[in-house]
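Geometric and topological summary
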Amino acid sequence: MAAPVEKKVTAASVAAYLASTALLAVLAAVQNDARLVGWMPDALAPFVLALVPTAVTFVSGWAAKHTPRSVPPAGV
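Here's a quick rundown of the structure. (Residues numbered from 1 in each chain as written. Predicted model: local features only at pLDDT ≥ 70, side-chain atom pairs only at ≥ 80, totals over all residues. Heavy atoms only, no water.)

**Re helix α1 (residues 7–30)**
An α-helical turn contains 3.6 residues, so any two residues separated by three or four positions project in the same direction. With 24 residues, α1 extends 34 Å from end C-alpha to end C-alpha; this agrees with the ideal 34 Å at 1.5 Å per step. The set of residues buried in α1 consists of Val9, Ser13, Ala16, Ser20, Thr21, Leu24 and Ala28. Of the surrounding elements, those touching the buried residues of α1 are α2 (45–49) and α3 (51–63). (Helix = DSSP H or I, 4+ residues; strand = E, 2+ residues; numbered from the N terminus. Expected span 1.5 Å × (residues − 1). Buried < 20%, exposed > 50% of the residue type's maximum accessible area, 1.4 Å probe, protein only. Contact = heavy atoms within 4.5 Å.)

Encoded structure:
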């Protein structure tokens, strides 16, 4: 059975997707030719291409060893 996905890995993956999409959209808007990938529609390219860094972020965060945190004593 696969290990559960921590919330911080999910948050990092979402942040990577949003940042990559924004960066690629700006890149496409600034270039004279908005085609990032020739075979893909221009409006779809930033969203699809942003899946690559998102997948890398998710897999590396999920596979990394995490240090268990100790629970602080009550009343602290």
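**Re the side chain of Ser13**
Inspection of the secondary structure assignment puts Ser13 in helix α1. Residue Ser13 is classed as buried on the basis of its relative accessible area, which comes to 8%. Those residues in contact with Ser13, other than ones at most four positions away along the chain, are Thr54, Thr57 and Phe58.

**Focus on the environment of His66**
Locating His66 in the fold gives a position in the segment after α3. As for His66 and Glu6, which are separated by 60 residues in sequence, their C-alpha atoms are 9.8 Å apart. Look past the residues within four positions of His66 in its chain and what remains in contact with it is Glu6, Lys8, Val9 and Gly61.

**Some details on the pattern of salt bridges**
Proximity of charged atoms lets side chains of opposite charge pair with each other. The final tally for this structure, using the stated rule, is 1 salt bridge. The partner of Glu6 in a salt bridge is Lys8, and the shortest N-O contact between them spans 3.7 Å. The partly exposed category is assigned to Glu6, whose relative accessible area is 31%. (Salt bridge = Lys/Arg side-chain N within 4 Å of Asp/Glu carboxyl O.)

**Overview of the environment of Ala64**
Relative to the helices and strands, Ala64 is located in the segment after α3. Looking at Ala64, the relative accessible area reads 35%, which means it is partly exposed. Separated by 55 residues in sequence, Ala64 and Val9 place their C-alpha atoms 9.9 Å apart.

Interpretation in functional terms is not warranted from these geometric data alone.
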